[in-house]
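# Survey of secondary and tertiary structure
Here are the chains, one letter per residue:
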Amino acid sequence: MMATQPRLDGPARVHLLARARVMKALAHPSRLFIVDELARGERCVRELTEMIGVDVSTVSKHLAVLKNAGVVIDSRRGVQVFYRLRVPCILNFFGCVEAVLEEVDRSGLVEIS
């Protein structure tokens, strides 16, 4: 009896699409900055706007992408909206990315632009 080969359909596809949504949400320098900052603690939109140096609507759009992907959660206090990481273990992924970058740099395999 032969084992069946994994296929990219059905539940496997749905799960991989969900993973890709999280990866896409992280695929922007401003959003990576936001996640790094939220690793240090909760921040309000105003603080993040000042740190990034863009307008509030741009930061709000980045936060919406992260929220829709499940990376961050928010809470309203008066007129301020505060954000924090939903699951801090997302930072483990960043450590892995750093290891890849160090290895690429050490080996000289590809140029990072």
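Residues numbered from 1 in each chain as written. Predicted model: local features only at pLDDT ≥ 70, side-chain atom pairs only at ≥ 80, totals over all residues. Heavy atoms only, no water.

## Considering the overall build of the protein chain
To keep things clear, this is the line we draw: Only DSSP runs of H or I with at least four residues qualify as helices, and only runs of E with at least two residues qualify as strands; both kinds are numbered from the N terminus onward. Radius of gyration: over C-alpha atoms. The globule rule applied is 2.2 Å multiplied by the number of residues raised to the 0.38 power. Exposure classes here rest on a 1.4 Å probe applied to the protein chains alone. A residue is buried below 20% of its type maximum, exposed above 50%, and partly exposed in between. Only the protein chains shown count as covering a residue, and every accessible area follows the Shrake-Rupley method with a 1.4 Å probe. As used throughout, the charge tally considers Lys and Arg to be positive and Asp and Glu to be negative, leaving His and the chain termini uncounted. By convention, the point assigned to a charge is CZ for Arg, NZ for Lys, CD for Glu and CG for Asp.
Scanning the protein chain for helices and strands turns up 5 helices and 3 strands. Seen in sequence order, the protein chain has helices and strands lined up from the N terminus as α-α-β-α-α-β-β-α. Taken against the 2.2 N^0.38 rule, which gives 13 Å for 113 residues, the C-alpha radius of gyration of the protein chain at 18 Å runs more than 25% over that of a compact globule. Dimensions of the protein chain, computed from the C-alpha atoms along their principal axes, are close to 65 × 40 × 20 Å. With 113 residues in all, the protein chain has 26% of them scored as buried. For the protein chain, the accessible area works out to roughly 8,200 Å², and carbon and sulfur atoms hold 59% of it. With 16 positive and 13 negative side-chain charges, the protein chain shows a spacing of 11 Å between the two charge centroids.

## Let's talk about helix 3 (residues 45-52)
For the record, the criterion: Directions from the helix axis toward the C-beta atoms define the arc. A contact between two residues is defined here by any heavy atoms of the two lying within 4.5 Å.
Along helix 3, the residues that are buried comprise Val45, Leu48, Thr49 and Ile52. Summarising the axial view, the buried residues of helix 3 lie within an arc of 105°, below the 170-degree limit, and thus occupy one face. In this structure, the buried side of helix 3 is in contact with helix 2 (29-39), strand 1 (43-44), helix 4 (56-68) and strand 3 (80-85). Looking one or two places after helix 3, you find Gly53, whose phi comes out positive at around 85°.

## What to know about the pattern of salt bridges
Rules: Here, a salt bridge means any side-chain nitrogen of Lys or Arg that lies within 4 Å of a carboxyl oxygen of Asp or Glu.
Within the structure shown, the criterion is met by 6 salt bridges. With a shortest N-O distance of 2.8 Å, Glu42 and Arg77 are connected by a salt bridge. Residue Glu42 is located in the loop between helix 2 and strand 1, and its partner Arg77 is located in strand 2 (residues 72-77); the two are separated by 35 residues in the primary sequence. The class for Arg77 is partly exposed, based on a relative accessible area of 42%. Ionic pairing is found between Arg106 and Glu103, a salt bridge with its closest N-O pair at 3.0 Å.

## Some points on a nonpolar patch on the surface
Quick reminder of the rule: Distance thresholds for patches are 9 Å for like charges and 5 Å for nonpolar side chains (Val, Leu, Ile, Met, Phe, Trp, Tyr), applied to residues having over 30% relative accessible area and no salt bridge.
Among the surface-exposed residues, Met23, Phe93, Val97 and Leu101 lie close enough to one another that they form a single nonpolar patch of about 300 Å² accessible area. A per-element tally of the nonpolar patch places helix 5 (residues 90-107) first, with 3 residues. Among the structural elements, Met23 can be located in helix 1 (residues 10-26).

## Details of the pairing of strand 2
Definition in use: Pairing between two strands is assigned when DSSP locates at least 2 bridges connecting them.
Sheet analysis places strand 2 next to strand 3, joined by 6 bridges and oriented antiparallel. By the bridge assignment, Ser75 is partnered in strand 3 with Phe82. Hairpin connection, strand 2 to strand 3: the antiparallel pair is bridged by 2 residues, and Gly78 has positive phi, about 65°.

## Let's talk about the packing of helix 3 against helix 4
What counts here: To get an axis, fit a line to the C-alpha atoms, keeping to the stretch in contact for a helix; angles then go from 0 to 180 degrees between the N-to-C directions. Small angles under 35 degrees read as roughly parallel and large ones over 145 as roughly antiparallel, with 65 to 115 read as roughly perpendicular and the rest as oblique. Polarity classes work like this: nonpolar for Ala, Val, Leu, Ile, Met, Phe, Trp, Tyr, Cys and Pro, charged for Asp, Glu, Lys and Arg, and polar for all others, with Gly in that last group.
Where helix 3 meets helix 4, the axes come as close as 9 Å, and the angle between the chain directions of the two elements is 110°. Put simply, helix 3 runs roughly perpendicular to helix 4. Counting all contacts with helix 3, which are made through Val45, Leu48, Thr49 and Ile52, the residues of helix 4 involved are Val56, Val59, Ser60 and Leu63. Residues of the contact of helix 3 with helix 4, tallied by class, amount to 6 nonpolar, 2 polar and no charged.

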